[in-house]
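So the chains spell out like this:
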Amino acid sequence: MLRKLLPHVAIIISVMYFVFYFIDRVNSAMAFINNDITKNLLFALGLIAILESVWLIRSNRAQERRRQQRLQQQRMESRRNSQGGNRVA
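Residues numbered from 1 in each chain as written. Predicted model: local features only at pLDDT ≥ 70, side-chain atom pairs only at ≥ 80, totals over all residues. Heavy atoms only, no water.

S.K.: Summarise the packing of aromatic side chains; cite the residues concerned and give the values.
M.R.: By the definition in use, this model includes six aromatic pairs. Ring geometry for Tyr21 versus Phe22: centroids 5.2 Å apart, planes at 80 degrees, classification edge-to-face. Look at Tyr21 and Phe43: their rings are 5.0 Å apart centre to centre, the planes differ by 40 degrees, and that puts the pair in the tilted class. Placement of the pair is Tyr21 in helix α1 (residues 2-26) and Phe43 in helix α2 (residues 36-85), with a sequence separation of 22 residues. Since its relative accessible area comes to 10%, Tyr21 is described here as buried. Judged by its relative accessible area of 31%, Phe43 is partly exposed. (Phe/Tyr/Trp six-rings, centres within 6.5 Å; stacked < 30°, edge-to-face > 60°. Helix = DSSP H or I, 4+ residues; strand = E, 2+ residues; numbered from the N terminus. Buried < 20%, exposed > 50% of the residue type's maximum accessible area, 1.4 Å probe, protein only.)

S.K.: Any chance you could break down the pattern of salt bridges for me, citing the residues and the numbers?
M.R.: Taken as a whole and judged by the stated rule, the model has three salt bridges. The partner of Lys39 in a salt bridge is Asp24, and the shortest N-O contact between them spans 2.9 Å. Linking Lys39 in helix α2 with Asp24 in helix α1, this pair joins segments that are 15 residues apart in sequence. Accessibility classification places Lys39 together with Asp24 in one group, the buried group. Asp36 is the partner of Lys39 in a salt bridge, and the nearest nitrogen-oxygen pair spans 3.9 Å. Placement of both Lys39 and Asp36 in helix α2 is noted, with a separation of three residues, approximately one turn of the helix. In this structure Lys39 comes out as buried when scored by relative accessible area, which is 10%. Through salt bridges with shared partners, a single network forms among Asp24, Asp36 and Lys39. (Salt bridge = Lys/Arg side-chain N within 4 Å of Asp/Glu carboxyl O.)

What follows is the structure in structure tokens.
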């Protein structure tokens, strides 16, 4: 559960930081972020976190799809085996 939840939380927090970054760029009087280096590092962190999270979400979904396909193949094979065993020669 946590493995699936953390990437989504990272995206949400990163988007929040993007909003703070752009608000601070437009209206510096709000002073969300005061240092230029911090702003750039924060922007990079947000971008990296979003990219990593999207990659992890895609990986998790692909893994789940493969698991579902294996289960479906196993079910089909077990049906074939059970039907083949009932035949009378």
